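Residue-level listing of the chains:
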Amino acid sequence: MTAAADPSKAVLLLSCPDRVGLVARIANFIDDRGGYNLDLNEQVDVEEHHFCRRVSWSLDHFSIPAADLESAFTPLAREFRANWQIRLSGKRNRMAIFVSKYDHCLREILWRHSLGEFDIDIPLIVSNHADLAPLAEAHGIPFHVIAVTAETKAEAERRQMALCDEHGIDTIVLARYMQVLSPEFTGRYTGRIINIHHSFLPAFVGGNPYRQAYRRGVKLIGATSHYVSDELDEGPIIEQDIIRISHRDTLDDLVRKGRDLERIVLARALRLHCEHRILLNGRKTVVFD
């Protein structure tokens, strides 16, 4: 964790085996040091006896310096056998966007970013095609074309990872990036790659889900944003939505309606991620919205 300059708020995300006294111990850590709670959510999985909590508090009068928060909380976290992280306001998420030729999700992100809706920086956009370079240029964001073929895939990913390292990237967004990432790539950024898939997972995984849905004659189509794992379209789901269709809709209608869903679902997922409202719990997520 890198402390931001003069942060005013801290966010703790924590999950651990459930036990008596957890709530009080965490509350005392904050209250006894002059913290003031701003937002609090918690969830207990009764079947798995697992506890999850998100709490944010003001650091204006907190007795522990922001740079020492992580080390101060570590003994408690070890006692709880917790998976946890503390994030500070003022530290903007540095986000790389990966795209291919489709522009709708990229436009949505850049539009919302221009409005200040996301607390992010976008140091670069990476693509395997040059088509969207003018859009990146219009927003003043460097655009890197790295072609990918079966023969060059490993080298292309090495170049992509080097760019992410160079620019201190926290999160990678696959905004309709039409390439399957290798396990080496996904393993390096576990919980930090967000994808938008154009179906309501787990239905219609893989390629051409709209065509699959059209041929199946479904009455609802959807979009799913999820964290990327080494299993295609099997990562923990962050956000989903659906829209009704009918026998009157053509395949082009499905694609058109689906684009709107993809844009909105991905935008919601990015907001949740950047506001540190998502806890990974195995193959699932706990989303505190």
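For clarity, every value in this text was computed on a predicted model and none was experimentally measured.

Asks: Would you mind going over the packing of helix H7 (residues 209–216) against helix H8 (residues 251–274) with me for this structure?
Replies: Axis separation between H7 and H8 bottoms out at 10 Å; the angle between their running directions is 130 degrees. Taken together, the axes of H7 and H8 are oblique relative to one another. Crossing angle aside, the handedness with which H7 passes H8 is right-handed. For the pair H7 and H8, contact is made by Tyr 210, Arg 211, Ala 213 and Tyr 214 and by Leu 251, Leu 254, Val 255, Gly 258, Arg 259 and Glu 262, respectively. Of the residues that constitute the contact of H7 with H8, the class distribution is six nonpolar, one polar and three charged.

Asks: Looking at this model, I keep getting lost on the nonpolar core. Mind explaining?
Replies: Nonpolar side chains tend to gather and get buried jointly when the protein is soluble and globular. Ile 125 and Leu 266 are the most contacted members of the largest nonpolar core, which has 32 residues in total. Of all elements in the fold, only strand E5 (93–99), helix H3 (104–114), strand E6 (120–127), helix H4 (133–138), strand E9 (193–197), strand E10 (220–227) and H8 reach the threshold of two or more residues within this core. Here this core takes eight residues from H8, the largest share from any one element. Setting aside its immediate chain neighbours within four residues, Leu 266 contacts Cys 105, Ile 109, Val 173, Ala 175, Ile 194, Ile 196 and Ser 225. With 23 residues, the next largest nonpolar core counts Leu 22, Phe 29, Trp 57 and Leu 69 among its residues.

Asks: I'm lost on the sheet that holds strand E3 (residues 50–58) in this one. Help?
Replies: Each strand in a sheet pairs with another by means of backbone hydrogen bonds, the pair being arranged parallel or else antiparallel. Strand order across the open sheet formed by four strands is E2-E3-E1-E4, with antiparallel pairing between neighbours. Across the chains shown, the open sheet's two edge strands, defined by having one partner strand only, are strand E2 (36–45) and strand E4 (83–88). Each adjacent strand pair in this sheet contributes to an overall mean axis angle of 10 degrees, direction not counted. Helix-sheet contacts for helix H1 (residues 22–31) involve strand E1 (9–17), E2 and E3, and the interaxial angle to E3 is about 20 degrees.

Asks: Quick question: what am I supposed to make of H7 here?
Replies: Note that an α-helix has 3.6 residues per turn; residues three or four places apart therefore point the same way. Along H7, the residues that are buried comprise Pro 209, Tyr 210 and Ala 213. Along H7, the residues classed as buried sweep out an arc of 100 degrees about the axis, all on the same side. Tucked inside the fold, the buried residues of H7 contact E9, E10 and H8. Within two residues after H7, Gly 217 carries a phi angle of roughly 70 degrees, on the positive side.

Conventions adopted
Residues numbered from 1 in each chain as written. Predicted model: local features only at pLDDT ≥ 70, side-chain atom pairs only at ≥ 80, totals over all residues. Heavy atoms only, no water. Axes fitted to C-alpha atoms, helices over the stretch in contact; angles between N-to-C directions. Helix = DSSP H or I, 4+ residues; strand = E, 2+ residues; numbered from the N terminus. Parallel < 35°, antiparallel > 145°, perpendicular 65-115°, else oblique. Left-handed = near helix turned anticlockwise from the far one by under 90°. Contact = heavy atoms within 4.5 Å. Nonpolar A, V, L, I, M, F, W, Y, C, P; charged D, E, K, R; others polar. Core = buried A, V, L, I, M, F, W, Y, C linked by side-chain atoms within 4.5 Å. Buried < 20%, exposed > 50% of the residue type's maximum accessible area, 1.4 Å probe, protein only. Pairing = 2+ DSSP bridges. Arc of directions from axis to C-beta.

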